[in-house]
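Structural overview
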Amino acid sequence: MSKDFRAPLVIPPSGAALRDFEIYEALPADRAPLREYLHILARRWRWIAGFLLGAVLVTAAAVFLMTPIYRATALLQITQDSTVAQMGENDPWAALKGGQELTKFQETQVRILGSRSLAWRIIESLNLKSHPDFSHLSEGDPPPPPQQLKSDLLELFQKRLIINPVKDSYLVEVSFQASDPALAQKVANAMAQEYVQLAIDRRMESFALVKTWLEKQLQRLAARVQESQRKLYEFGQKSDFFALEDKDNVIVRKYLELGALLTKAQSERMAKEAQYRQIEEKGPEAPLITNNPLVLALRQELVAQTAKTARLRQIYLPGHPEMQAEEARLRELRTRLKREIQRICQAVKADYEAAKRTENLLSEAFNAQKEKMATLQQHLVDFQMLKRDAQTTEQLYQALLARMKETTVASTMVPSNVAVIDSADLPAEPYLPKKGLFLSLAGVIGLCLGLSAAFLAEYLDDTLKTAEEVERVCQVPSLGLIPLLAENGAAARHHHFPLPGSEQWLRRLPFRGSPDRALAWNRDRPELVVLNQPRSVASEAFRQVRTSLMLSAAGGPPKTIIVTSPSPQEGKSTIAANLAASLALDGRQVAVLDCDLRKPRLHQVFRVPGQPGLTNYLAGQQGREEILRPTQVPNLYLIPAGPVPPSPAELLNSEAFRQLLLELAQQFQSIVIDTPPALGFADARVLSRLADGVLLVMKHHATPREAGRLTCQLFSKVQAPLLGIILNQVDSNGLGGYGYYYSTKYYENYVGGREGEGPGSGQAGQNHKAQLG
């Protein structure tokens with residue numbers, strides 16, 4: 001089953017409040033947006049075609065009227081200097097910088113190629129001022145001044161010059177555009193040659209500048225070298241010593257020797273002092289004395305002599321000569337030992353004092369030499385500063401001198417970093433205009449503009465366009481679509497079947513009177529399409545609306561129907577007339593009331609007198625039978641509006657009008673009431689309380705969404721039974737996009753082969769034939 005199928009609309013029972021009624025979802029929830037876009041394109045195809053055709057035509061005119069432009073291109077190789085490349089290799093950040101250095105180098109060369117100085121050299125060398133492509137700049141009355149002429153020539157030349165560096169390489173394309181192919185080739189090759197010469201000239205100029213700078217620096221450094229050496233010699237003469245940094249310097253050597261002697265004297269003094277302190281503390285028992293060999297020998301002899309004397313005392317008397325001799329020897333040993341000990345103590349003391357004096361003398365000499373050494377250090381610092389300055393100046397002088405020699409040699413051999421890879425050839429075909437490309441781009445741009453304009457117009461269009469939109473915005477079911485009618489009453493689209501509205505079929509219609517009168521009556525009433533074109537799409541649309549009305553209520557079809565619209569000129573009177581005619585042709589007794597008392601029109605549609613009418617009856621001037629007029633449509637009667645009253649709403653809200661509706665309801669099966677527009681007039685809302693249902697007519701691509709929504713809200717506030725909405729004057733070109741029921745081609749193909757069947761072939765038609773007979 002097709003996704004566009006709609007289930008039968010569920011209409012609320014008569015008198016139900018619209019706010020209590022929830023419209024069912026008639027459309028599938030997964031409706032594809034692509035289909036909606038295609039419908040928009042189908043409706044707005046004229047916009048798209050207009051923009052597309054306009055863009056193509058304008059581009060075609062510009063392309064064929066444009067003067068052909070030729071382009072010649074020369075290919076150059078511009079490499080970096082070896083010194084710059086070596087610096088890049090030695091740069092530790094080169095890997096992180098990537099191709100920045102190359103990019104900067106290329107941008108610099110591109111700017112040089114496009115510079116005004118190089119352009120002026122080309123203009124002068126080729127004498128472009130006299131060429132037809134440039135000579136018009138010097139024309140004028142009065143002629144432009146030289147500076148202005150030069151500026152104009154440079155500006156035009158640079159506009160035609162194209163510099164295109166090849167990515168990730170040292171190649172550069174130099175192109176020139178001109179209407180003369182020979183000029184384009186000549187300028188491109190001249191640009192390459194002049195740029196090569198310019199590069200050589202610039203390098204020679206740079207060498208000359210370097211030599212000049214080096215010469216100035218050498219002169220300045222030579223003067224500095226002489227001055228530094230002179231200061232160094234003057235300082236040596238003033239200080240009365242030379243070679244202060246030499247290790248054989250007397251002051252330094254003497255200072256070192258005194259330091260060593262002082263250290264040795266201090267060590268000896270401390271050793272002597274230790275011996276002296278030991279003897280003073282321990283006396284004869286000091287190790288220095290006890291360990292003396294002579295003292296040891298004397299003590300041994302003293303011990304032996306003491307033992308011998310003691311032994312002899314036991315033998316001899318004290319006065320014995322031998323005893324006396326031994327005692328004398330003992331005394332002598334003791335005296336010798338004592339003298340030896342005293343000698344040792346005196347010797348130690350003398351050594352200590354001598355060591356102390358020596359230390360003091362050496363300390364004094366060392367301190368005096370130390371002061372001389374400090375003076376020497378001060379002079380040495382000044383001397384070293386002067387010497388370093390002299391050496392640094394000498395090194396700079398030698399470096400600049402070597403650089404000067406290198407520059408002198410390099411200036412005699414100037415290499416060029418520019419090479420012409422490909423010279424410019426004579427262009428055989430124009431570069432511009434590219435007709436195929438331009439027309440294709442124009443088509444694409446025109447199509448894009450057309451699509452943008454179509455969707456923008458659709459977005460800005462706030463009118464009701466589809467039945468789905470009507471139901472979504474107004475929350476009221478759609479009863480059908482009525483196609484746009486042409487001036488002759490048929491659908492705006494031409495239909496290729498001959499029978500509808502033909503003289504043969506009109507002569508069979510059940511009109512009151514002769515068939516010739518019926519034919520003339522039909523031709524004078526183009527609005528009644530159900531009679532003029534009974535087999536047309538519009539007639540079928542009215543029959544669909546009639547069927548929807550018959551099935552709109554569960555207890556039976558609505559008897560009293562009000563037809564109104566939000567605004568004027570939306571076709572409500574035509575809808576009311578055709579709906580009433582369709583009901584009458586179905587065999588029902590129908591009465592049409594023209595309650596649009598401000599601008600009545602139904603009497604013109606049915607060609608009946610407009611007075612007396614409804615206002616005469618409500619004013620008590622005429623009876624019901626006098627205003628109820630039959631029409632040429634069988635079973636259809638019309639009550640015209642009559643003269644325009646001062647207060648239509650009060651007349652329609654009167655008891656007399658209610659009584660009239662009750663009487664008509666007893667006599668007719670259906671009553672169709674045409675009322676003024678609902679927005680701005682209260683007549684339709686006043687009458688809605690007396691009717692079984694309200695039928696709203698909204699014009700396709702004319703009724704704003706807000707107007708439709710506001711109209712439904714107004715009727716919902718008075719609890720009027722809204723039967724549905726009819727979308728009127730739908731363009732037949734877009735009918736295929738609005739649903740199955742109004743597919744024009746389907747309807748034509750279906751009825752095209754059944755020419756034998758027509759109105760009057762059914763049961764109602766047999767009744768009409770019987771009335772004619």
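Figured I'd write up the structure that's included with this text. Because the structure is a prediction, the values reported are computed rather than measured.

You can see Pro-566 is positioned in the loop between strand 6 (560–564) and helix 20 (572–585). The class of Pro-566 is buried, set by a relative accessible area of 0%.

This part takes up the packing of helix 15 (residues 467–474) against helix 27 (residues 705–717). Between helix 15 and helix 27, whose axes approach to 9 Å, the crossing angle comes to 50°. If you check the angle between helix 15 and helix 27, you find them oblique. Crossing geometry of helix 15 relative to helix 27 is assigned as right-handed. Packed against helix 15, whose contacting residues are Glu-469, Val-473 and Cys-474, the element helix 27 presents Arg-705, Gly-708, Arg-709 and Cys-712 at the interface. The residue inventory of the contact of helix 15 with helix 27, partitioned by class, reads 3 nonpolar, 1 polar and 3 charged.

Grouped together as the largest cluster of nonpolar side chains are 41 residues, with contacts concentrated most on Leu-593, Leu-614 and Phe-657. For Leu-593, the residues in contact, after removing those within four places along its chain, are Leu-602, Ile-639, Phe-657, Leu-661, Leu-664, Ile-671, Val-672, Ile-673 and Asp-674. By size, the runner-up hydrophobic cluster in this structure holds 39 residues, among which are Ala-74, Phe-134, Leu-137 and Leu-156.

Between helix 1 (residues 33–43) and helix 14 (residues 435–460), the least distance of the axes is 10 Å, while the angle of their chain directions is 100°. Viewed along their axes, helix 1 and helix 14 adopt a mutual orientation that is roughly perpendicular. Of the residues in helix 14, those in contact with Tyr-37, Ile-40, Leu-41 and Arg-43 of helix 1 are Leu-451, Ala-454, Phe-455 and Glu-458. Among the residues forming the contact of helix 1 with helix 14, the class breakdown is 6 nonpolar, no polar and 2 charged.

Attention shifts here to the sheet that holds strand 9 (residues 636–639). Overall, mixed pairing links the 8 strands, which are arranged 5-12-11-6-10-7-9-8 in an open sheet. What marks the edges here is a single partner per strand, and that holds for strand 5 (478–483) and strand 8 (629–630). Bridge count between strand 6 and strand 11 (residues 693–699): 4 bridges; the pairing is parallel. Counterpart to Ile-561 in the pairing with strand 11 is Gly-693. Its contacts with the sheet put helix 20 on strand 5, strand 6, strand 7 (590–594), strand 9, strand 10 (670–674), strand 11 and strand 12 (722–730), and the angle it makes with strand 10 is roughly 170°.

Relative to the helices and strands, Gly-587 resides in the loop between helix 20 and strand 7. Through-space distance from the C-alpha of Gly-587 to that of Gln-669 is 9.8 Å; in sequence the pair is 82 residues apart.

The next point concerns helix 25 (residues 655–667). Taking 1.5 Å per residue, 13 residues should reach 18 Å; helix 25 reaches 19 Å between its end C-alpha atoms and fits that length. Of the positions making up helix 25, those classed as buried are Phe-657, Leu-660, Leu-661 and Leu-664. All buried residues of helix 25 project into a common sector of 100° when viewed along the axis, lining one side. Away from its buried face, by an angle of more than 90 degrees, helix 25 presents the exposed residues Glu-655, Leu-662 and Gln-666.

Turning next to a nonpolar patch on the surface. Taken together, Trp-47, Phe-51, Leu-437, Leu-441, Ile-445 and Leu-449 make up a surface patch of nonpolar side chains, about 560 Å² in accessible area. The set of elements that each furnish at least two residues to the nonpolar patch consists of helix 2 (45–65) and helix 14. With 4 residues, the single largest contributor to the nonpolar patch is helix 14. With respect to the helices and strands, the residue Ile-445 is situated in helix 14. By relative accessible area, Ile-445 is classed as partly exposed at 49%.

What counts as what
Residues numbered from 1 in each chain as written. Predicted model: local features only at pLDDT ≥ 70, side-chain atom pairs only at ≥ 80, totals over all residues. Heavy atoms only, no water. Helix = DSSP H or I, 4+ residues; strand = E, 2+ residues; numbered from the N terminus. Buried < 20%, exposed > 50% of the residue type's maximum accessible area, 1.4 Å probe, protein only. Axes fitted to C-alpha atoms, helices over the stretch in contact; angles between N-to-C directions. Parallel < 35°, antiparallel > 145°, perpendicular 65-115°, else oblique. Left-handed = near helix turned anticlockwise from the far one by under 90°. Contact = heavy atoms within 4.5 Å. Nonpolar A, V, L, I, M, F, W, Y, C, P; charged D, E, K, R; others polar. Core = buried A, V, L, I, M, F, W, Y, C linked by side-chain atoms within 4.5 Å. Pairing = 2+ DSSP bridges. Expected span 1.5 Å × (residues − 1). Arc of directions from axis to C-beta. Patch = residues over 30% accessible without salt bridge, like charges linked within 9 Å, V, L, I, M, F, W, Y side chains within 5 Å. Areas by Shrake-Rupley, 256 points an atom, 1.4 Å probe, with all protein chains shown as cover. Salt bridge = Lys/Arg side-chain N within 4 Å of Asp/Glu carboxyl O.

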